[in-house]
Amino acid sequence: MVKKSVKKISVLLAAVAYAVFTAGNIFADVKPGAEISVNSGYLHLDSPLLKNEDLWYSNAQAKIKLDAAFSSAVKAYIEGRADVTSVPEMINPIDNSTIPATAHIAFSLHKAYMKFRLPFGLPGGDIRIAAGKMPLSWGYGLFYNAGDLIFGSNPLNLTGTASVSAATSLNFSSSTLSDFRTATDWIFAITVPLVKGIQIEAIALPPIENAALYNYGRFGGRAQFNPELVMLENIEAGYLADGNLAAQRFYVSLDGNLWLDYNINVSTVLKKDDGFAKESFECSLALSKVFYIQTDVQNHQLQLRAESLWTPFEEKLGIFGFISYQITETVSIAGTYIFCSIDETNKKIDGNSHFAGISVVWEPISALELSLEGMLNVQKPEELANVSAGIKYRY
């Protein structure tokens, strides 16, 4: 089984590599790239599904990507990815039998899309068309984003899930903070700039990889307005519906600066049979600030960020805190905090859960990154604690 998976991964990466290294003969502007990362660590996890509470684990990821341009008006991007994760001995909850340790191998075409510019001479600029498997950012927020109707408001799905499973993905540093919103889907999008500062976008998501969830696909659109004010830089509102109109989602987002950079998002859902779905009404708020501290040697960057996700009718709250400090040009340290809670009538989390993490990242040479990370359940460290080390190289 593993040999077959390895063979499939090799075929996928070989195909992407072939596209990368032969594209130079076709395109005038080609930027190939690759990334390899390996992470290994110790995990203490109190779970009835694990054979042993204390275990060592490892995972690795390989990416090959190509950014190419036919012309200034036509561009293409492709990225293949392979993930290998060690899986410890597990307990089958049905018959209490032991499931042997193994390696889980997955490969995917993470991104594959093309973008076009159509010079139709509109006052606001060129019409833009994008099609393929790609990310698409709606709303504002690096961690929580109630305006993200396409991929969801919570990247870790903390609110309303088991706290232990949510926290196993807590470790991250300032260099990986933006990686939380990298989900992709098959999308067709057309963006029309009506006038300067105002544009509309229409999208369609066919039921390809998410057919089990949205077997009729999804469609919708948004409008964006840039008032060119410091206090209020951007306003956007959008709509996304299931293909059979079983659910219709709406959101409004604001982005601006009041000394602190801020993002505000509000979203809701209307269901065909039940009307207003109060359990899906969400609000998210993000505040951030970057300080530059001058010393005799260099400037040091201090980044502060706080975000929250609130579901008022369900009495659910998620809080995310992040701080990073650039000690030298090659060394930085970051700390994270996550709080989640859920009401007693629908308890899926055992009370309030607090998780804290810390990471140190060193870049000894350009594109090579070494990291040391740790995290734990602050209230009950005997239930979850983790220490890991990793290496990443980008080309």
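Owing to the predicted nature of the structure, the values given are computational and were not obtained by experimental measurement. Position labels on residues start from 1 in each chain and follow its written sequence. The model is predicted, so local features are restricted to residues of pLDDT at least 70 and side-chain atom pairs to those at 80 or more, both for listing and for counting; the totals for chains, interfaces and linings are taken over all residues. In computing side-chain values, all of the structure's heavy atoms are included and hydrogens and water are not.

## Some details on the overall build of the protein chain
Looking only at helices and strands, the protein chain has 2 helices and 21 strands in total. Any residue under 20% of the maximum accessible area for its type is buried, any over 50% is exposed, and the rest in between are partly exposed; the area is computed with a 1.4 Å probe on protein chains only. Considering the protein chain as a whole, with its 395 residues, one finds that 41% of them fall into the buried category. For this analysis, residues touch if any pair of their heavy atoms sits within 4.5 Å. When contacts within the protein chain are restricted to residue pairs at least 6 apart in sequence, long-range pairs at least 24 apart make up 51% of them. Areas reported here follow the Shrake-Rupley algorithm with a probe of radius 1.4 Å; residue values treat only the protein chains shown as occluding. Roughly 20900 Å² of accessible area belongs to the protein chain as shown, and the carbon and sulfur atoms make up 61% of that amount. Helix numbers and strand numbers start at the N terminus; a helix is a DSSP run of H or I with at least 4 residues, a strand a run of E with at least 2.

## As for a positive patch on the surface
Patch rule: a residue counts if its relative accessible area is over 30% and it has no salt bridge; like charges are joined within 9 Å, and nonpolar side chains (Val, Leu, Ile, Met, Phe, Trp, Tyr) within 5 Å. By definition here, a salt bridge exists when the distance from a side-chain nitrogen of Lys or Arg to a carboxyl oxygen of Asp or Glu is within 4 Å. Under the counting rule used here, the positive set is Lys and Arg, the negative set is Asp and Glu, and His together with the chain ends is not counted. In this description, the location of a charge corresponds to atom NZ of lysine, CZ of arginine, CG of aspartate or CD of glutamate. A cluster of basic residues, Lys31, Lys75, Lys115 and Arg117, forms a positive patch on the protein surface. Tracing the backbone through its elements, the reader meets Lys115 in strand β6 (residues 102-122).

## Considerations on the environment of Gly321
By the secondary structure assignment, Gly321 is in strand β17 (residues 316-326). Along the chain, Gly321 and Arg305 lie 16 residues apart, while their C-alpha atoms are 5.9 Å from each other. Setting aside chain neighbours within four positions, we find Gly321 in contact with Arg305, Gly335, Thr336 and Tyr337.

## What to know about the packing of aromatic side chains
Any two of the Phe, Tyr and Trp rings considered here, Trp counted by its six-membered ring, make a pair once their centres fall within 6.5 Å; the pair's planes then place it as stacked at under 30 degrees, edge-to-face at over 60, or tilted in between. The full count for this structure, using the stated rule, is 11 aromatic pairs. The interplanar angle of 50 degrees and the centroid separation of 5.1 Å between the aromatic rings of Tyr239 and Phe250 together place this pair among those described as tilted. In this pair, Tyr239 sits in strand β11 (residues 234-242) while Phe250 sits in strand β12 (residues 247-258), placing the two residues 11 residues apart along the sequence. On the basis of relative accessible area, Phe250 is assigned to the partly exposed category, the value being 31%. Members of the aromatic cluster, joined through ring pairs, are Phe143, Tyr144, Phe320 and Phe322.

## Digging into the pattern of salt bridges
Counted by the stated rule, this structure contains 10 salt bridges. Among the salt bridges present, the one from Arg222 reaches Glu236, with a minimum N-O distance of 3.2 Å. Here the residue Arg222 occupies a position in strand β10 (residues 218-225), and Glu236 occupies one in strand β11, the gap between them amounting to 14 residues. Judged on exposure class, the residue Arg222 and its partner Glu236 are both buried. Here the salt bridges do not stand alone but share partners, grouping Glu35, Lys63, Glu369 and Arg394 into one network.

## Things to note about the confidence of the model for the protein chain
One number per residue, pLDDT, summarises how confident the predictor is, and it ranges from 0 to 100. Scored by pLDDT, the protein chain has a mean of 82; 81% of the residues are at 70 or more. Predicted confidence for residues 158-169 stays below pLDDT 50, and this span has 29 contacts to residues more than four positions away or in other chains. Low pLDDT, under 50, characterises residues 342-350; the predicted model gives this stretch 18 contacts beyond four residues in sequence or across chains.

## Topic: the nonpolar core
Only buried residues count toward a nonpolar core. Its members are Ala, Val, Leu, Ile, Met, Phe, Trp, Tyr and Cys residues joined through side-chain atoms within 4.5 Å. Core analysis: the largest hydrophobic core is formed by 14 residues, its most contacted members being Trp138, Ile150, Ile187, Ile203 and Leu240. If sequence neighbours within four positions are ignored, Ile203 has contacts with Leu136, Trp138, Ile150, Ile187, Phe188, Ala189, Phe219, Gly220 and Leu240.

## As for a negative patch on the surface
On the surface, a cluster of negative charge is contributed by Asp46, Glu53, Asp54 and Glu382. Tracing the sequence through the fold places Asp46 in the loop between β1 (29-45) and β2 (54-71).

## Here we look at a nonpolar patch on the surface
Together, Ile327, Ile333, Ile358, Val360, Leu372 and Val387 make up a nonpolar patch on the protein surface, roughly 470 Å² of accessible area in all. Inspection of the secondary structure puts Leu372 in strand β20 (residues 368-377). Looking at Leu372, the relative accessible area reads 48%, which means it is partly exposed.

## Remarks on the pairing of strand β16 (residues 299-311)
Note on pairing: DSSP must find at least two bridges between two strands before they are called paired. Direction of pairing for strand β15 (residues 282-294) relative to β16: antiparallel, over a ladder of 12 bridges. Bridging from a neighbouring strand, Ser284 pairs with Leu309 of β16. Both β16 and β17 contribute to a ladder of 10 bridges, which runs antiparallel. Paired with Leu302 across the strands is Tyr325, a residue of β17. Between the antiparallel neighbours β16 and β17 lie 4 residues, among them Glu315 with a positive phi of about 55 degrees.

## Some thoughts on the side chain of Ser253
One can find Ser253 in strand β12. Looking at Ser253, the relative accessible area reads 0%, which means it is buried. A polar contact is formed between the side chain of Ser253 and the side chain of Asn265, at a distance of 2.5 Å. For Ser253, the residues in contact, after removing those within four places along its chain, are Gly139, Tyr140, Gly147, Asn234, Ile235, Glu236, Ile264 and Asn265. In protein, a polar contact means a hydrogen-donor-capable atom and an acceptor-capable atom, both N or O and within 3.5 Å, with residues adjacent in sequence counting only if both atoms are side-chain atoms; elsewhere, any N or O pair within 3.5 Å suffices.

## Considerations on the environment of Leu368
Structurally, the position occupied by Leu368 is in strand β20. The sequence separation of Leu368 and Tyr395 amounts to 27 residues, and the corresponding C-alpha distance is 9.1 Å. Not counting residues within four places of it along the chain, the set of residues in contact with Leu368 comprises Trp362, Glu363, Ile391, Lys392 and Tyr393.

## Points about unusual backbone geometry
If you check the backbone angles, Glu228 has positive phi at about 60 degrees while not being a glycine. Along the chain, Glu228 turns up in the loop between β10 and β11. In the Ramachandran plot, Ala367 falls in the positive-phi region, its phi being about 80 degrees despite a non-glycine side chain. In this structure, Ala367 sits in the loop between β19 (353-365) and β20. The partly exposed category is assigned to Ala367, whose relative accessible area is 22%.

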